[in-house]
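# Observations on the three-dimensional arrangement
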Amino acid sequence: MNILVLNSGSSSLKYQLLNWDNQEVLAKGLVERIGIEGWMIKHKTLDKSAGNERKKSEIAGNLANHNEALGKVLELIAGIKIDAVGHRVVHGGELFTSSVLITSEVKEQLRKLIPLAPLHQPANLMGIEACEEILPGVPNVAVFDTAFHQTMKPEHYLYALPRELYEKYGIRRYGFHGTSHNYVSHRACEILGLDYAKTRMITCHIGNGGSVTAIQNGEVVDTSLGFTPLEGVIMGTRCGDIDSAILPFLAKNANMSLEDLDTMMNKKSGLLGISGVSSDHREIEEWFLAGKEPETTVMKMYTKGILKYLGAYVAYMNGVDVIVFTAGILENSSLQRKLLMENLWYLGIRLDESKNDFRGEERVISTADSKVTVIVVPTDEELMIAKETAMIVSH
Ligand code: ADP
């Protein structure tokens with residue numbers, strides 16, 4: 001069975017075509033600048049004639065919308081039959097606790113969730129409708145960023161705001177990066193030979209976006225991203241936790257509009273905002289290693305933010321058995337892994353320095369006598385979406 005995995009953004013379309021029977025990636029790529037002049041597709045295919053090397057191509061031109069973008073992608077993968085499409089959908093609200101086959105009723109419900117994700121949800125719907133039009137008869141499955149976190153209990157998902165805001169507007173913690181936390185937590189148990197339902201885990205998805213999730217009895221206890229993907233740890237350009245009273249203060253004293261505040265918190269804060277130079281962790285690291293300011297303070301703040309959640313989740317679960325590191329920064333940065341683990345000694349965790357110098361591999365990095373296992377598991381959201389899609393269409 002060949003599964004096309006699509007991740008539609010407002011002006012982008014990320015795709016991966018997998019042969020589910022052997023889990024081989026047949027093609028993948030990214031269309032950028034849809035609806036903006038000068039679009040670009042970066043496309044890679046598996047070339048069997050060249051010993052399974054990846055053939056890369058870059059194409060540029062103009063594409064008006066997601067239908068045209070998908071049409072172009074399908075031209076590039078012409079000749080390969082597509083049996084099902086798995087869509088990454090950012091918001092499933094409280095309605096969707098797992099992946100679903102997309103029907104007109106499901107689409108209607110997805111539309112109702114647009115106010116909760118005004119930038120991403122319409123783009124996800126555009127991707128779904130483009131597939132329905134261009135690939136008639138091929139089943140579409142929605143895999144939600146939020147669904148994995150739906151096991152949270154009210155004491156973890158409610159905010160201490162007037163209760164009617166939850167009832168009227170659905171204001172609560174939803175959590176995001178669910179596909180990634182789901183994948184790495186299951187994969188960690190598989191690698192370590194542990195029973196998922198009996199393992200207390202904390203998964204740290206730390207990339208440009210970041211979130212930390214606590215998992216116990218096979219269910220999510222709590223997660224750091226909240227009502228939107230802004231709360232929690234410091235991110236590339238997002239501020240994470242702040243005192244929310246800063247916002248009315250700025251509105252009154254700095255004459256900032258709601259839109260200004262939103263842009264400030266989502267696009268101008270985080271690593272970029274405090275360093276004033278870059279949202280890229282690699283650059284911050286370089287200056288930190290050279291002992292420069294403000295990068296040294298930035299790295300300390302960044303590390304503290306993650307440790308704060310780790311500590312809180314250990315407390316909620318009354319302990320932890322496994323900590324999983326994933327996503328761009330924790331898969332690649334030996335330094336960031338070390339900085340975190342230096343402060344986990346109180347849990348009986350020791351970093352095995354001889355195993356920490358690597359990028360992007362599945363590897364245990366805690367010493368054999370550590371009381372808690374720390375493992376790096378590179379995330380694979382596309383594989384997880386394909387798995388969910390295969391499961392749903394096979395039933
Ligand atoms: P996204 O949330 O966009 O999927 P990623 O998970 O790809 O983000 O993570 C991107 C982040 O990973 C960037 O901040 C980048 O600097 C960081 N990163 C990638 N490689 C390294 C590395 N070798 N050392 C430190 N940081 C790295």
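Structure first, text after, so check above.
Summarised in this report is the structure supplied together with it. (Residues numbered from 1 in each chain as written. Predicted model: local features only at pLDDT ≥ 70, side-chain atom pairs only at ≥ 80, totals over all residues. Heavy atoms only, no water.)

Turning to the packing of aromatic side chains, a few remarks are in order. Overall, the coordinates contain 5 aromatic pairs when judged by the stated rule. Pairing F96 with F144 gives two aromatic rings, centres 4.7 Å apart and planes at 10 degrees, and the pair type is stacked. With F96 in the loop between β6 (84-89) and β7 (100-101) and F144 in strand β8 (residues 140-144), the pair connects residues that are 48 residues apart, well separated along the chain. Judged by its relative accessible area of 6%, F96 is buried. The interplanar angle of 65 degrees and the centroid separation of 5.8 Å between the aromatic rings of Y309 and Y313 together place this pair among those described as edge-to-face. One end of the pair is Y309 and the other is Y313, both in helix α11 (residues 295-317) and 4 residues apart, which spans about a single turn. (Phe/Tyr/Trp six-rings, centres within 6.5 Å; stacked < 30°, edge-to-face > 60°. Helix = DSSP H or I, 4+ residues; strand = E, 2+ residues; numbered from the N terminus. Buried < 20%, exposed > 50% of the residue type's maximum accessible area, 1.4 Å probe, protein only.)

So, on to the pattern of salt bridges. Tallied over the entire structure, the rule returns 22 salt bridges. Residue K107 is joined to E129 by a salt bridge in which the shortest nitrogen-to-oxygen separation is 3.3 Å. Pair noted here: K107 is in helix α2 (residues 104-112) and E129 is in helix α3 (residues 120-134), with a separation of 22 residues, a long-range link. Exposure remark for K107: the relative accessible area of 12% places this residue in the buried category. A salt bridge links R282 to D280; the shortest N-O distance between them is 3.2 Å. Looking at R282, the relative accessible area reads 59%, which means it is exposed. Under the relative-accessibility criterion, D280 is labelled partly exposed at 25%. If you follow the salt bridges from partner to partner, you end up with K107, E108, R111, E129 and E132 in one network. (Salt bridge = Lys/Arg side-chain N within 4 Å of Asp/Glu carboxyl O.)

With that settled, consider the packing of helix α10 (residues 281-289) against helix α13 (residues 334-341). It is at 10 Å that the axes of α10 and α13 come closest, and there the two elements cross at 70 degrees. It follows that α10 is roughly perpendicular to α13 by the angle criterion. Note on element contacts: α13 touches α10 through L335, Q336 and L339, opposite H281, E285, F288 and L289. Tallied by class, the residues present in the contact of α10 with α13 amount to 4 nonpolar, 2 polar and 1 charged. (Axes fitted to C-alpha atoms, helices over the stretch in contact; angles between N-to-C directions. Parallel < 35°, antiparallel > 145°, perpendicular 65-115°, else oblique. Contact = heavy atoms within 4.5 Å. Nonpolar A, V, L, I, M, F, W, Y, C, P; charged D, E, K, R; others polar.)

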